[in-house]
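Here is how the chains run, residue by residue.
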Amino acid sequence: MDYSVKDFYVPTITYFTSGNKLTGSRTGMNYKMTPIEDKEILVQVWYGSMNLEHSELVCEQTFAMEKESMGQIESWLYGQYDVYLKTPQAKDYGKKQKQKNA
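### Quick look at the pairing of strand β2 (residues 29-36)
Most of β2 is tucked away: 7 of the 8 residues are buried. The sheet contact formed by strand β1 (residues 22-26) and β2 spans 5 bridges and is antiparallel. Bridge assignment links T23 to a residue of β2, and that residue is K32. Counting the residues that bridge the hairpin from β1 to β2 gives 2 residues, and of these T27 lies at a positive phi of roughly 40 degrees. Sheet topology places β2 next to strand β3 (residues 40-47); 8 bridges connect them, and they run antiparallel.

### Considering unusual backbone geometry
Its identity is not glycine, yet T27 carries a phi of approximately 40 degrees, on the positive side. Its place among the elements puts T27 in the loop between β1 and β2. We classify T27 as partly exposed; its relative accessible area is 27%. Unlike most non-glycine residues, D38 shows phi in positive territory, near 55 degrees.

### Notes on the pattern of salt bridges
For the structure on display, the rule yields 1 salt bridge. Of the charged contacts in the structure, one is a salt bridge between K32 and E53, with a shortest N-O distance of 3.9 Å. Here the residue K32 occupies a position in strand β2, and E53 occupies one in the loop between β3 and β4 (57-64), the gap between them amounting to 21 residues. For K32, a relative accessible area of 16% puts it in the buried group.

Thresholds, definitions, all that
Residues numbered from 1 in each chain as written. Predicted model: local features only at pLDDT ≥ 70, side-chain atom pairs only at ≥ 80, totals over all residues. Heavy atoms only, no water. Buried < 20%, exposed > 50% of the residue type's maximum accessible area, 1.4 Å probe, protein only. Helix = DSSP H or I, 4+ residues; strand = E, 2+ residues; numbered from the N terminus. Pairing = 2+ DSSP bridges. Salt bridge = Lys/Arg side-chain N within 4 Å of Asp/Glu carboxyl O.

Below, the structure written as structure tokens:
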């Protein structure tokens, strides 16, 4: 799929080496990035309007704490988004948005 706009914000490696976590979402698909002991970054994905603690984890992947991993994380998130778009949750999200805008 061709994405003309960056849908997922992935900061620089310095953000994570400083111990910061990041959460974000795109049309009902949510993600969280958590540094683990300055060695890895754990990226978790879930669907819906609730936070991760109140939702079902869909998938997760760890990436090395390296500058090159930032592009890998972004690509992985786009792949997960393509999977999400085929789910009932994505269809429900789209319906709710249309109802809000009507």
